[in-house]
Amino acid sequence: MRFVIFQCQRDRDMFVVTDDEHAVRLPKELSHLHGRLERVGAFPEMGEDRVAFDETLAKNSITHQGYYLFEAKSFDAVAEPPETMPG
């Protein structure tokens, strides 16, 4: 399977994973809930080496509903340390 990945513009940590067949007919409610979907790219299966999402869960979800929605916590903003520490 080749995964097609979209990033949700309203919530940048949310991603939609689908395949070529379903990418052209994703449910409109995804955009209504999470903002416009911006295509990130298409990637082949990588097995256990994939770190962003579980491919088995994604494939099952795509088979049953046409997409897999997941939140990537790694995109959360990282706190900046203050320039001077009190002290």
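Below you will find a few notes about this structure. (Residues numbered from 1 in each chain as written. Predicted model: local features only at pLDDT ≥ 70, side-chain atom pairs only at ≥ 80, totals over all residues. Heavy atoms only, no water.)

## Some remarks on the sheet that holds strand 1 (residues 2-8)
Alright, step 1. Spatially, 3-1-2-4 is the arrangement adopted by the 4 strands of the open sheet, whose pairing is antiparallel. Looking at strand neighbours, the two that pair on one side only are strand 3 (37-44) and strand 4 (68-71), the edges of this open sheet. Geometrically, the sheet is characterised by an average inter-axis angle of 25 degrees between neighbouring strands, direction not taken into account.
Alright, step 2. As judged from the 7 bridges shared by strand 1 and strand 3, these two strands associate in the antiparallel manner. (Pairing = 2+ DSSP bridges. Helix = DSSP H or I, 4+ residues; strand = E, 2+ residues; numbered from the N terminus. Axes fitted to C-alpha atoms, helices over the stretch in contact; angles between N-to-C directions.)

## Side note on the pattern of salt bridges
Alright, step 1. A full pass over the atoms with the stated rule returns 4 salt bridges.
Alright, step 2. A salt bridge links E38 to R36; the nearest nitrogen and oxygen atoms lie 3.7 Å apart.
Alright, step 3. By relative accessible area, E38 is classed as partly exposed at 33%.
Alright, step 4. Its relative accessible area of 53% is what places R36 among the exposed residues.
Alright, step 5. In this structure, E45 engages K59 in a salt bridge whose closest nitrogen and oxygen atoms are separated by 3.0 Å. Here E45 is found in the loop between strand 3 and helix 3 (55-65), whereas its partner K59 is found in helix 3, with 14 residues between them in sequence.
Alright, step 6. For K59, a relative accessible area of 29% gives the class partly exposed. (Salt bridge = Lys/Arg side-chain N within 4 Å of Asp/Glu carboxyl O. Buried < 20%, exposed > 50% of the residue type's maximum accessible area, 1.4 Å probe, protein only.)

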